[in-house]
Amino acid sequence: MIAISANLGFLWTDLTLPDAIRAAGAAGFDAVECHMPYDDDPGDVRDALDATGLEMVSLNTKVGDQDGDLGVAALPGREALARSYILEAIHYAVAIRCSRISVVAGRSGRTKAADRTYAQNLAFAAAHAAKHDITVLIEPLNTDVADDYHLVNIDKGIQTILTVGAPNLKLMVDCFHTYKMDGELTAVFERALPYVGHVQFSSYPDRAEPDHGDIDYAVLLPWLVDKGFAGPFGAEYTPVGTIEDGLSWLEYWNVDKGEKS
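Small disclaimer: the values here were computed from a predicted structure and weren't measured. (Residues numbered from 1 in each chain as written. Predicted model: local features only at pLDDT ≥ 70, side-chain atom pairs only at ≥ 80, totals over all residues. Heavy atoms only, no water.)

Asker: An account of the sheet that holds strand E8 (residues 196–201) is requested, with residue identities and associated values reported.
Answerer: With parallel pairing, 9 strands are arranged side by side in an open sheet as E3-E2-E1-E9-E8-E7-E6-E5-E4. The open sheet terminates on both sides in strands that have one partner only, identified here as strand E3 (55–56) and strand E4 (59–60). As paired strands, E4 and strand E5 (residues 100–102) are joined by 2 bridges and run parallel to one another. Note that in E5 the partner of Leu-59 across the bridge is Ile-101. (Pairing = 2+ DSSP bridges. Helix = DSSP H or I, 4+ residues; strand = E, 2+ residues; numbered from the N terminus.)

Asker: Describe the nonpolar core, naming the residues involved and giving the relevant values.
Answerer: Inside soluble globular proteins, nonpolar side chains tend to come together where they are buried. Ile-4, Trp-12 and Phe-29 are the most contacted members of the largest nonpolar core, which has 83 residues in total. Broken down by element, this core gets its largest block of residues, 7 residues, from helix H4 (residues 112–130). Not counting the four nearest positions on each side in its chain, Phe-29 is found in contact with Ile-4, Ser-5, Ala-6, Leu-11, Trp-12, Ala-24, Leu-54, Ala-235, Leu-247, Trp-249 and Leu-250. (Core = buried A, V, L, I, M, F, W, Y, C linked by side-chain atoms within 4.5 Å. Buried < 20%, exposed > 50% of the residue type's maximum accessible area, 1.4 Å probe, protein only. Contact = heavy atoms within 4.5 Å.)

Asker: Tell me about the state of the cysteines, and please be specific about residues and values.
Answerer: One covalent bond between the sulfur atoms of two cysteine residues makes up a disulfide. Within the structure shown, the criterion is met by 0 disulfides. We note that Cys-98 lacks a disulfide partner, and the nearest cysteine sulfur, in Cys-34, lies 6.7 Å from it. Looking at Cys-98, the relative accessible area reads 3%, which means it is buried. With no disulfide of its own, Cys-175 has Cys-98 as its nearest cysteine by sulfur position, at a separation of 19 Å. Residue Cys-175 is classed as buried on the basis of its relative accessible area, which comes to 0%. (Disulfide = S-S within 2.5 Å.)

Asker: Can you break down unusual backbone geometry residue by residue, with the values?
Answerer: Note that the residue after Tyr-204, namely Pro-205, is joined by a cis bond; omega there is 15°. Tracing the chain through its elements places Pro-205 in the loop between E8 and helix H8 (217–226). Between Gly-231 and Pro-232 the backbone carries a cis peptide bond, its omega angle lying at 0°. Along the chain, Pro-232 falls in the loop between H8 and strand E9 (233–235). Phi at Asp-133 is positive, roughly 55°, even though this residue is not glycine. Residue position: Asp-133 is located in the loop between H4 and strand E6 (135–138). With a relative accessible area of 71%, Asp-133 lands in the exposed category.

Asker: If you had to explain the pattern of salt bridges to someone new, which residues and values would you point to?
Answerer: Summed over all chains, the structure comprises 13 salt bridges. Ionic pairing is found between Asp-19 and Arg-22, a salt bridge with its closest N-O pair at 3.0 Å. In this pair, Asp-19 and Arg-22 are both assigned in helix H1 (residues 17–27), 3 residues apart and thus about one turn of the helix distant. Judged by relative accessible area, Arg-22 falls into the partly exposed class, the value being 38%. Linking Asp-155 and Arg-191 is a salt bridge whose minimum nitrogen-to-oxygen distance equals 2.8 Å. Placement of Asp-155 in helix H5 (residues 154–164) and of Arg-191 in helix H7 (residues 185–192) is noted, with a sequence separation of 36 residues between them. In this structure, a network of salt bridges that share partners links the residues Arg-46, Asp-50 and Arg-97. (Salt bridge = Lys/Arg side-chain N within 4 Å of Asp/Glu carboxyl O.)

Asker: Could you give an account of the pairing of strand E7 (residues 169–174), naming the residues involved and the relevant values?
Answerer: Burial runs high along E7: 5 of the 6 residues are buried. Across 3 bridges, E6 lies against E7 in parallel orientation. When the sheet's bridge partners are listed, Val-136 is paired in E7 with Leu-169. The handedness of the E6 to E7 crossover, carried by H5, is right-handed. Both E7 and E8 contribute to a ladder of 4 bridges, which runs parallel. Bridge pairing in E8 links Val-173 to Val-199. (Right-handed = clockwise from strand over helix to strand, strands pointing away.)

Asker: Explain the environment of Asn-254 to me, and be specific about the residues and the numbers.
Answerer: One can find Asn-254 in helix H9 (residues 248–254). Sequence-distant contacts of Asn-254, that is, excluding residues within four places in its chain, are made with Ala-27 and Gly-28.

None of the figures reported here should be taken as evidence of function without further support.
Structure follows, in structure tokens:
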């Protein structure tokens, strides 16, 4: 079975998070994920998850309190803020029974000092998350997002995980970013799969509905399942038109799911 999660940081962004969860359930998604849910009452979010039967599979730490911030976990001198965001994310995840938090690194310039700060903050995150059986995710982004972003390729992500040495620290592999930075995805996953905690997907190069472009997900996702990664796979894309008009791609995964393995 291949399960698909709706990324509510991209989809139904005009709705409150509880209403977006309900919309995702009605559309046929198997799970949901989000970016920063902190403006929504966790009790209301939990109620929507319970009503739809969906799991929230991941959420992000806040990105910072200054213009241009894209996370603070790898920024020397901002450790206190980074750790407050980590604890906030864990607290919210516990309240809604979310099993993963993504710790956003930030625009560090990729210095050695930033490497040390990042590793220390991730060790802090992993230790506190482990108390609640929560996985900590780190996500490499492509340099078009920010050329000074700290984590921009899979191998550096693996190196970071090995440095920290925490069993609940894993990679969030966004296929769009990873294909741009690291190339052919099956080769990437062959070396990265033991460290992968979540996979997101969209078309490449336009980051729209994942039914066209350079990456054939009808091949890649079943291959990942055969390799032992069960998903859910996070659909993180920008609809070309309305969300509903573009959802025909989801029908492929909602038909005879038991045979897609």
